[in-house]
Amino acid sequence: MDAKKLIPYSVYLPEKQYLKLREAAKGRKASGIIRDAITMALDGNDAYTSGYNKAIKDAAQMVYDCKEAQMIAIKGKDLGSILTEQIEALEMK
């Protein structure tokens, strides 16, 4: 990659991500990690989409399996099911 063609870009991160990125920067990996992630996200890379969708499915299943969420009902529907549907709606097509 030609360093002369790189353009700086600022982004706000949660502190936890910032600290991990700062640690990665010690090994000169931070910029590459960010460039790769941005490229995958913008290009709609299948690896990014499948990883994202798997995380959505895992989160939805975790909420659905929560016994406490199944005990609370809103308008005749348990909270676990309501939240599961909302999480699943985040899946990328």
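Coordinates for the structure precede this section.
Now for a description of the structure that goes with this document. These numbers were taken from a predicted model, which means no experiment stands behind them. (Residues numbered from 1 in each chain as written. Predicted model: local features only at pLDDT ≥ 70, side-chain atom pairs only at ≥ 80, totals over all residues. Heavy atoms only, no water.)

Quick look at the pattern of salt bridges now. Per the stated rule, a full pass over the model turns up 3 salt bridges. Note that E23 is salt-bridged to K26, the shortest N-O span being 3.3 Å. A salt bridge links K77 to E85, with the shortest nitrogen-to-oxygen separation between them at 2.5 Å. (Salt bridge = Lys/Arg side-chain N within 4 Å of Asp/Glu carboxyl O.)

Bringing the environment of I38 into the picture now. Structurally, the position occupied by I38 is in helix α2 (residues 30–43). Residue classification places I38 among the partly exposed residues on the basis of a relative accessible area of 44%. Separated by 30 residues in the primary sequence, I38 and E68 have C-alpha atoms spaced 37 Å apart. (Helix = DSSP H or I, 4+ residues; strand = E, 2+ residues; numbered from the N terminus. Buried < 20%, exposed > 50% of the residue type's maximum accessible area, 1.4 Å probe, protein only.)

It is worth spelling out the environment of L83 at this point. Tracing the sequence through the fold places L83 in helix α5 (residues 79–88). Residue L83 is classed as partly exposed on the basis of its relative accessible area, which comes to 32%.

Counted at 1.5 Å a residue, the expected span for helix α3 (residues 46–65) with its 20 residues is 28 Å, and the 28 Å between its end C-alpha atoms agrees. Listed in full, the buried residues belonging to α3 are T49, N53, I56 and A60. In an axial view of α3, the angular spread of the buried residues amounts to 55°, which keeps them on one side of the axis. Away from the buried face of α3 by more than 90 degrees, exposed residues K54 and M62 are located. Buried residues along α3 sit in contact with α5. (Expected span 1.5 Å × (residues − 1). Arc of directions from axis to C-beta. Contact = heavy atoms within 4.5 Å.)

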